[in-house]
Structure formats: C-alpha cells, structure tokens
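# Structural description and commentary
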Amino acid sequence: MKKILLLCLLIPLIATAFTISLLAAEVTTTSLSTEVKVVDRLGILSEEDKKSISPSAQTDTHGIKLCLITMQTAYSDDYLTKNEIYTLLDFSDWGPQKIHAVVLVVRMTGANNKFYYDMYTYGNATEIFSDYDVNRILDTDAVYDNLKAGNIKDGTAAFFSLCADEIDGHYKALEAKERRKPLVVVLIAAVAGLVSAGGSVLGVVLYYRKKQHGITYPLDRYAKLNLTHREDRFVGSYVTRVRIQSSSSNGGSRGGGSRGGGGGRRGGR
C-alpha cells in the first residue's frame, strides 16, 4: 500500500515538471519607434520644434504611427475626413499594410484665429484608446492650455507623450499576460494532479477499510419495504415571462461611444 501511495504522489509532480519544460516562454524585444510625422500647413514649427515633440526614445509605440497636422480652416467644426487625412499624411507611401496611427489635427480658424484640436485613431490604436482615455488626454492641462493658447510645440509634445505611454503600457500589459500563461497552466495542472492523487489515495484507503469491516446490521433481514399503492396527482402549472430589453448603446467608457471600428475622429476641443 505504501508503494501505491508514493506512486500516486509522484505522478502529479512528474506531470508538473514535464509541463514546465514544454511551456517555457521566450521573452522577445521590439524595436522602438517614436518619431512623429509632421505636416505643418500653418508653418509655425521649426525643424527643431518638430524633433522636440517626439516622445521619449525609451517609449515604444509598437508600430503605431504618431502624426501631427497643423492647418487653417474657416470654421471651428471643419473636421477632416479619413480620405483628407490619408492624403495629407501620404499614407499610401507606407505600404499596403493596414494603417495603425494616432493623428492630432491642430486647426486655426480664419474667423477668429482661435485654435482647435482633434484626435483621430486608426487600426490598433482605435482598440487601445477607450473614450475615457481620449477625453483624459485631450483635457490634460499641458495639452489643453498650450494648444488653445497657440503654443503648438509644448501642447503637441505633451499630447504625444501621453499617447505613447498609453500605447506602450497596453502592450506591456499584454506581454505580461502572455508570460503568466505558462504559470497558470502549470498551477492548474499541479492542482489537478494533486486532486487526482488525493482521490486515488482516498480510494485505496477506503478499499482497504472496506475489506477489514463487515456488515454490522443485516438490513435485508430485519428491514423490508413492500410498496402496495402508487398515485400521480397533478397540482397545477405556472408560466413565467421575462422581458429582455435590447439596447443599441455601446457604453463601456465614461467618455461615451465605442472602442472598436475602423477608426476616425475620437474627440476634440
């Protein structure tokens, strides 16, 4: 019996070690890409300004482009269309792959020379930034105060820094989740093995105890039941209705709107 118990305990340990060897994860690194593509139609940014608005070189945007467009429009609600943005940024030169980008459009209106700014997301960036994230970034003091005052360099630098941090944090969280997967599988396998071993041990113990103890009371000799009557009686029925309301609201974020879709304007100030 001791040999059987030892074997039952060794099986899950061997299975766990085998699972660890199969699920060893490799940690990969990605190349950093944080340069901002600038189309300055207003002509208010120097070459040095264009370089200074890029996020820290230690922040990885994981292939998501950061783009800035400055331009003049007649009215405050003259928003750019997707085709206009693609044309201005010349996305066709970026190859046939799907565009993943965060675009900031800073507009100066011709009527009152006030500044307005809008945030657009495309591809994976649309999934990364919730509406709450968009509103948080657009309303950050360093972004709002500078851009509304016409301080484009400092306002855009703050904007792209926040966006890059959000993107990098998103992918780091995904990588951490992937690294935890083998550990979770191992823990599940170990628990399952221990439960299985415990069941085997319990079965062996109960089997041997059963062999040592006989029947203490002969129920078949002193307690009998003879069923002489059987009856089925219907007592009633009930019908329950539950009304399920459908909703077209996307929800899910404090800013309103949805996270999915092909991309477009997400908000502006």
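The sections below set out a description of the structure shown in this document. Nothing here was measured: the structure is a model prediction, and the numbers come from that model. (Residues numbered from 1 in each chain as written. Predicted model: local features only at pLDDT ≥ 70, side-chain atom pairs only at ≥ 80, totals over all residues. Heavy atoms only, no water.)

### Some remarks on the packing of aromatic side chains
Put simply, the rule is: Here a Phe, Tyr or Trp ring, Trp counted by its six-membered ring, pairs with any other such ring whose centre lies within 6.5 Å, and the pair is stacked when the planes are under 30 degrees apart, edge-to-face when over 60, and tilted otherwise. Only DSSP runs of H or I covering at least 4 residues are called helices, and only runs of E covering at least 2 are called strands; the numbering of each starts at the N terminus. Throughout, exposure labels follow a simple rule: accessible area from a 1.4 Å probe, protein chains only, divided by the maximum for the residue type, with under 20% read as buried, over 50% as exposed, and the rest as partly exposed.
All told, the structure shown has 3 aromatic pairs when counted by the stated rule. Note on tyrosine 117 and tyrosine 144: the rings are 6.5 Å apart at their centroids and 70° apart in plane angle, and the pair reads as edge-to-face. Of this pair, tyrosine 117 sits in strand E4 (residues 115-122) while tyrosine 144 sits in helix H6 (residues 141-148); the two residues are 27 residues apart in sequence, bridging distant segments of the chain. Tyrosine 144 gets classed as partly exposed once you look at its relative accessible area, which sits at 35%. Measuring from centroid to centroid gives 5.2 Å for phenylalanine 159 and phenylalanine 160, while their planes differ by 80°, and the two rings are edge-to-face. Take phenylalanine 159: its relative accessible area is 0%, and that puts it in the buried class.

### Description of the sheet that holds strand E2 (residues 65-73)
Defined as follows: For two strands to be treated as a pair, DSSP must find at least two bridges joining them. Axis definition: a line fit to C-alpha positions, over the contact stretch in the case of helices; interaxial angles, taken between N-to-C directions, run 0 to 180 degrees. Contacts are assigned to residue pairs that have any heavy atoms within 4.5 Å of one another.
The 5 strands are arranged E1-E2-E3-E4-E5 in an open sheet whose pairing can be described as mixed. Across the chains shown, the open sheet's two edge strands, defined by having one partner strand only, are strand E1 (36-40) and strand E5 (263-268). Ignoring which end each strand starts from, the neighbouring axes of this sheet average 20° apart. Where E1 and E2 come together, 5 bridges link them in parallel fashion. Note that in E2 the partner of valine 38 across the bridge is leucine 68. Running at roughly 105° to E2, helix H3 (residues 82-89) makes contact with E1, E2, strand E3 (101-109) and E4 of the sheet. The strands touched by H6 are E3 and E4; relative to E4, the strand with the most contacts, the crossing angle is about 130°.

### Here's the deal with helix H5 (residues 131-138)
Because an α-helix completes one turn every 3.6 residues, residues spaced three or four positions apart along the sequence face the same direction. Short version of the rule: Arc, as used here, means the arc of the directions from the helix axis to the C-beta atoms.
Among the residues of H5, those classed as buried are Asp131, Asp133, Val134, Ile137 and Leu138. For H5, the arc enclosing every buried residue in end-on projection is 160°, short of the 170-degree limit, so these residues lie on one face.

### Describing the nonpolar core
Where a protein is soluble and globular, its nonpolar side chains tend to be buried together. Operational definition: Side-chain atoms within 4.5 Å are what join buried Ala, Val, Leu, Ile, Met, Phe, Trp, Tyr and Cys residues into a set we call a nonpolar core.
By size, the foremost hydrophobic cluster in this structure holds 30 residues, and its most contacted members are Val102, Phe129 and Phe159. Looking at which element gives the most residues to this core, the answer is helix H7 (residues 152-212), with 8 residues.

### Considering the environment of threonine 126
Considering the arrangement of structural elements, one finds threonine 126 in helix H4 (residues 124-128). On the accessibility criterion, threonine 126 (2% relative accessible area) is buried. Once the C-alpha coordinates of threonine 126 and histidine 100 are considered, the two residues, 26 residues apart in sequence, prove to be 8.4 Å apart.

### Some thoughts on the side chain of aspartate 168
Position of aspartate 168 relative to the elements: it lies in helix H7. The exposure class assigned to aspartate 168 is buried, which follows from its relative accessible area of 8%.

### Describing the pattern of salt bridges
Here is the rule: Any carboxyl oxygen of Asp or Glu within 4 Å of a side-chain nitrogen of Lys or Arg constitutes a salt bridge here.
As enumerated under the stated definition, the model contains 8 salt bridges in all. Residue arginine 269 pairs with aspartate 139 through a salt bridge whose shortest N-O separation is 2.6 Å. Of this pair, arginine 269 sits in the segment after E5 while aspartate 139 sits in the loop between H5 and H6, and the two are 130 residues apart along the sequence. Aspartate 139 sits in the partly exposed class, given a relative accessible area of 39%. One salt bridge connects aspartate 168 with lysine 172, and the closest N-O pair in it is separated by 3.4 Å. In this pair, aspartate 168 and lysine 172 are both assigned in helix H7, 4 residues apart and thus about one turn of the helix distant. Look at the salt bridges and you will find they share partners, linking Arg107, Asp118 and Arg265 into a network.

### Side note on the pairing of E2
In plain terms, the rule: By definition, the crossover connecting two strands over a helix is right-handed if that path, from the first strand to the second, turns clockwise as seen with the strands pointing away from the viewer.
Extensive coverage of E2 is indicated by the burial of 7 of its 9 residues. Crossover connection from E1 via helix H2 (residues 47-52) to parallel E2: handedness left-handed. The pairing of E2 with E3 spans 9 bridges and is classified as parallel. Its bridge partner lying in E3, cysteine 67 is registered against valine 103.

### Details of the side chain of threonine 121
In this structure, threonine 121 sits in strand E4. We classify threonine 121 as buried; its relative accessible area is 0%. Among residues more than four places away in sequence, those in contact with threonine 121 are Ala101, Val102, Thr126, Phe129, Gly263, Gly264 and Arg266.

### A look at the environment of methionine 108
Considering the arrangement of structural elements, one finds methionine 108 in strand E3. Taking the relative accessible area as the measure of exposure, methionine 108 reaches 19% and is therefore buried. Sequence-wise, methionine 108 and threonine 70 are 38 residues apart; in three dimensions their C-alpha atoms are separated by 8.0 Å. Those residues in contact with methionine 108 that sit more than four places away from it in its chain are Leu42, Met71, Gln72, Thr73, Asn113, Lys114 and Phe115.

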